[in-house]
Amino acid sequence: ETFNPFLKVRWLTPYGTAADVQTRLIGDYNLPNVLAAVTVGLHFGVALNQINEALEQYEPNNNRSEYRRTEKNELIVDAYNANASSMAVALDNFRAIQHPGKMVVLGEMREMGAESVSEHQKVADRLAQMDLTETWLVGNEFGKCDTSAIRNVTLFANVDEVKKRLAESGVAGRLILIKGSNGT
């Protein structure tokens, strides 16, 4: 069976027929975006087949919910930005994906102010409830958290440490969620 991380949507046309669309978007949290695109297309009189084609052909970029396959791993890269809510939905979506070797690499959330430690702890607590092969956490804010309940967790001070570990470890056969603030 081939792994398919992409959102598939069935929407009801104004004529009462169903349209099935296989997008290239990761995560059910993108459903409102798909439906908004359909609504805008309908409002401006775009043909139904053109709406579906546009939804099927759109590929996200700029490290926003991108799926990438490397020689050794499959990646879900969502490292454009991170805040408490986007981190939660990304992790919840990743939890629902069936894969035998799931791993996360999370960079700290920036610009969180006084809530930073508590919000990073909420992420750590969520990770502790997930069935992950490995968890890599990057940044000082994660270093302030209690991560003892997370299975196979490694803390890194910065991205350079992560790059060094990747060069040494040869991580392979994993589905890896990469999420964090762009600055991390």
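Residues numbered from 1 in each chain as written. Predicted model: local features only at pLDDT ≥ 70, side-chain atom pairs only at ≥ 80, totals over all residues. Heavy atoms only, no water.

**Concerning the pattern of salt bridges**
Side-chain pairs of opposite charge can arise where the charged atoms are in close proximity. Inspection of the entire model under this criterion finds twelve salt bridges. With a shortest N-O distance of 3.0 Å, Glu 141 and Lys 144 are connected by a salt bridge. Classification of Glu 141 as buried rests on a relative accessible area of 14%. Each member of the salt-bridge network shares a partner with another, and the members are Asp 92, Arg 95 and Arg 126. (Salt bridge = Lys/Arg side-chain N within 4 Å of Asp/Glu carboxyl O. Buried < 20%, exposed > 50% of the residue type's maximum accessible area, 1.4 Å probe, protein only.)

**Regarding the sheet that holds strand β6 (residues 134-138)**
Read from one edge of the open sheet, six strands run β3-β4-β8-β5-β6-β7, paired in mixed fashion. Strands with a single pairing partner mark the edges of an open sheet, and in this sheet they are β3 (66-69) and β7 (153-156). Between one strand axis and the next, the sheet turns through 15° on average, direction left out of account. Across five bridges, strand β5 (residues 102-107) lies against strand β8 (residues 175-179) in parallel orientation. Counted as the bridge partner of Leu 106 is Lys 179 from β8. Contacting β6 and β7, helix α6 (residues 159-169) crosses the sheet at an angle of about 150° to β6. (Pairing = 2+ DSSP bridges. Helix = DSSP H or I, 4+ residues; strand = E, 2+ residues; numbered from the N terminus. Axes fitted to C-alpha atoms, helices over the stretch in contact; angles between N-to-C directions. Contact = heavy atoms within 4.5 Å.)

**Here we look at a nonpolar patch on the surface**
Side chains of Val 40, Phe 44 and Val 46 sit close together on the surface and give an oily, nonpolar patch of about 300 Å² of accessible area. As for its position among the elements, Phe 44 is in the loop between α1 (31-43) and α2 (48-57). (Patch = residues over 30% accessible without salt bridge, like charges linked within 9 Å, V, L, I, M, F, W, Y side chains within 5 Å. Areas by Shrake-Rupley, 256 points an atom, 1.4 Å probe, with all protein chains shown as cover.)

**A closer look at the pairing of β6**
Looking down a regular strand, the side chains alternate between one sheet face and the other. The buried fraction of β6 is high, at five of five residues. Alignment of β5 against β6, held across five bridges, turns out to be parallel. Bridging from a neighbouring strand, Met 103 pairs with Glu 134 of β6. In the sheet, β6 pairs with β7 via four bridges, with the strands oriented parallel. Bridging across to β7, Leu 137 finds its partner in Leu 155.

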